[in-house]
Amino acid sequence: MNIKLTLKNRILFTSIVTLLSWAHLAWDYFHGGIPTHYLLHRKDLPGMSNWWGGIVIPLLTWFLLYRIKRRVYDKDINETSITSNHVIYGFIGALLFGIILSFFFTIGTNVPGYMMIGLFIISFFIPIYRAEQLLGFVLGMAYTFGGILPILIGSILVLIFVIDYRAIRASILYLISKTTSGNS
């Protein structure tokens with residue numbers, strides 16, 4: 001399952017995402033109108049129409065696919081520790097997470113809160129801030145929340161996960177290594 005992110009594949013994937021986004025918008029338009037999603041799920045706060053998703057999601061997809069290509073495929077051959085399988089599994093895992101999170105939010109349970117807490121714990125051990133995870137997360141939530149809210153939420157989460165994994169985790173591991181090397 002080793003897939004190269006060639007220009008042709010990036011155009012194909014972005015085209016599919018664009019087609020699905022606009023098909024969803026057309027469906028909404030002809031079945032009651034395009035919904036507007038509000039920040040913090042409160043109508044007194046600013047709302048964002050799903051129309052923006054038809055523009056922003058394809059642009060985000062193209063940009064993130066370019067970032068994935070740069071990180072994975074534009075490296076020296078001796079330095080490849082990340083394969084396309086890692087990228088695919090990260091994307092699919094985040095896509096499923098976004099779909100499940102959206103489902104539980106829609107039925108009105110407390111599970112999404114627990115899922116988000118679990119993400120913060122996982123982000124300490126696994127780098128879940130990469131482009132493929134953000135893309136999967138946004139696409140998984142786009143059907144339920146439109147395009148803008150998942151991008152905003154995902155971007156904030158990516159920032160938190162980078163700080164968690166690269167700064168806090170690295171600092172704790174550094175302190176542990178210094179205390180254990182000082183004892184021997």
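Everything here concerns the structure above.
As the structure is a computational prediction, the values presented were derived from the model and not from experiment.

Undergrad: Could you give an account of the packing of helix α1 (residues 7-30) against helix α5 (residues 131-145), naming the residues involved and the relevant values?
TA: Between α1 and α5, the least distance of the axes is 11 Å, while the angle of their chain directions is 20°. Taken as axis vectors, α1 and α5 run roughly parallel relative to one another. The element α1 and its partner α5 pack so that their crossing is left-handed. Together, F13, V17 and H24 of α1 and L135, L139, A142 and Y143 of α5 make up the contact between the two elements.

Undergrad: Just give me the short version of the packing of aromatic side chains, but keep the residues and values in it.
TA: What the rule picks out here adds up to 10 aromatic pairs. Relative to F91, the ring of F13 lies with its centre 5.8 Å away and its plane at 80°, an arrangement referred to as edge-to-face. Separated by 78 residues along the polypeptide, F13 in helix α1 and F91 in helix α3 (residues 84-107) bring together distant segments of the chain. Three or more aromatic residues joined by ring pairs form one cluster here, namely W22, Y29, F30 and W51.

Conventions adopted
Residues numbered from 1 in each chain as written. Predicted model: local features only at pLDDT ≥ 70, side-chain atom pairs only at ≥ 80, totals over all residues. Heavy atoms only, no water. Axes fitted to C-alpha atoms, helices over the stretch in contact; angles between N-to-C directions. Helix = DSSP H or I, 4+ residues; strand = E, 2+ residues; numbered from the N terminus. Parallel < 35°, antiparallel > 145°, perpendicular 65-115°, else oblique. Left-handed = near helix turned anticlockwise from the far one by under 90°. Contact = heavy atoms within 4.5 Å. Phe/Tyr/Trp six-rings, centres within 6.5 Å; stacked < 30°, edge-to-face > 60°.

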